[in-house]
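Geometric and topological summary
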Amino acid sequence: MIERHGHARGAARPGARLLGRLGGMVLVVWGAATLGFFALRLIPGDPVNVLIGLGNVSTQVRDQIREDWGLADPLLVQYLGYLGRLVQGDLGTSYRRQQPVADVIGQQLVPTVQLMALAVVFALLLALGSALLGRGRRTAPLAGLLELVAVSSPTFWIGLVLISVFGFGLGWFPVVATVGFGALLLPAATLAIPVAGIISQVLRQGLDDAAALPFVDTVRARGASHTRLVVRHTLRHAAASSITLTGYMVGSLLGGSVLVETVFARPGLGRVALNAIVDRDVPVVLGIIVLAAVAFSVINLLVDLVADRIDPRLETKQAYA
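**Thoughts on the overall build of the protein chain**
A count of helical and extended segments in the protein chain gives 13 helices and 0 strands. Listed by position from the N terminus, the elements making up the protein chain come as α-α-α-α-α-α-α-α-α-α-α-α-α. In the protein chain, which comprises 321 residues, the share counted as buried stands at 38%. Taking as baseline every contact in the protein chain between residues at least 6 positions apart, the subset at least 24 positions apart corresponds to 75%. Surface summary for the protein chain: the accessible area is close to 18200 Å², and the carbon and sulfur share equals 67%.

Encoded structure:
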């Protein structure tokens, strides 16, 4: 009876952990939406000015516009109405474009997703290469220097250097093109380099820590080569923390896309966010904040699941915590 009860409780814990993670996702999205809503309402200025543009209208018309858009309601009523619409999937309507925010975001979502996906691939490849090559006595100082430069360099500076060298200098990649795989390479590399520097440092430290564990001597005693030891054993132990860090760093890619899309004159959510901030288009800015929170939560959930698969010890610790 005790054994059956223990098995049932152990089987139920993964479901409980998943429900806990989903609950955490809801709290993150709610917190981001709430903070964004009240923070944007603190910005000086009248949203009606954004709605009417450069037109000069009477006070009666301005009051009617404010009433139609719900801007005359108390702030708490506006907030509760916004949450109610958000639960139904309604992100509101753009002040400037007079379109649903979901449509405004959807029109520019694909270019940003493509850019971020390729940047993640580049970051992981660069980090893995730097971590493996940087463990030698001769290559470690160079790898550490390159990682330091990558981490400390501003994104816009990296983009300008890549454009100057590989765009104008060597002519290998288009500079202002927005269509095609070649047009993605330089922007994705610009986003990936700083992230790769951070991940590489963590991954290399993880490899060093894993190499000092007792199982390494056992694997070597079985006749395993150094390459097999690293690829099949120590890299797996070191990858869990690096993958978790990668999930957190993906959020920074969305912020970096604003600069990258501006430097490379690319379409995307970064340009939409920048224009919405300049135009004080509050619903669009708030919609992008909510989208970023949802993406961040989903990515971190997937990262946690992948980390559990790579290193089952993490799942065991959580099960008995």
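**Structural notes on empty space enclosed by the protein**
Enumeration over the complete set of coordinates arrives at 1 cavity of 30 Å³ or more. The calculated volume of the largest cavity comes to roughly 40 Å³. In terms of lining, the largest cavity is formed by V120, A123, V195, I199, T246, M249, V250 and L253. Going through the elements one at a time, α5 (101–133), α8 (182–211) and α10 (226–263) are the ones with two or more residues in the lining of the largest cavity. Examining the composition of the lining of the largest cavity, we find that 4 residues originate from one element, α10, more than from any other. Along the lines of polarity and charge, the residues of the lining of the largest cavity split into 7 nonpolar, 1 polar and no charged.

**What about the nonpolar core?**
Ranked by size, the top nonpolar core spans 27 residues in total, and within it Y82, L86, L91, I105, V284, I288 and V290 carry the most contacts. Counting only elements with at least two residues in this core, the list comes to α1 (2–41), α4 (75–87), α5, α11 (269–279) and α12 (282–310). Looking at this core, the element that brings in the most residues is α12, giving 7 residues. Not counting the four nearest positions on each side in its chain, L91 is found in contact with L86, V101, A102, I105, P283, G287 and V290.

The rules behind these values
- Residues numbered from 1 in each chain as written.
- Predicted model: local features only at pLDDT ≥ 70, side-chain atom pairs only at ≥ 80, totals over all residues.
- Heavy atoms only, no water.
- Helix = DSSP H or I, 4+ residues; strand = E, 2+ residues; numbered from the N terminus.
- Buried < 20%, exposed > 50% of the residue type's maximum accessible area, 1.4 Å probe, protein only.
- Contact = heavy atoms within 4.5 Å.
- Areas by Shrake-Rupley, 256 points an atom, 1.4 Å probe, with all protein chains shown as cover.
- 1 Å grid on protein atoms, 1.4 Å probe; cavity = no way out; pocket = protein on both sides within 12 Å on 5 of 7 lines; lining within 4 Å.
- Points joined across faces, edges and corners; volume = space filled by probe spheres on them.
- Nonpolar A, V, L, I, M, F, W, Y, C, P; charged D, E, K, R; others polar.
- Core = buried A, V, L, I, M, F, W, Y, C linked by side-chain atoms within 4.5 Å.

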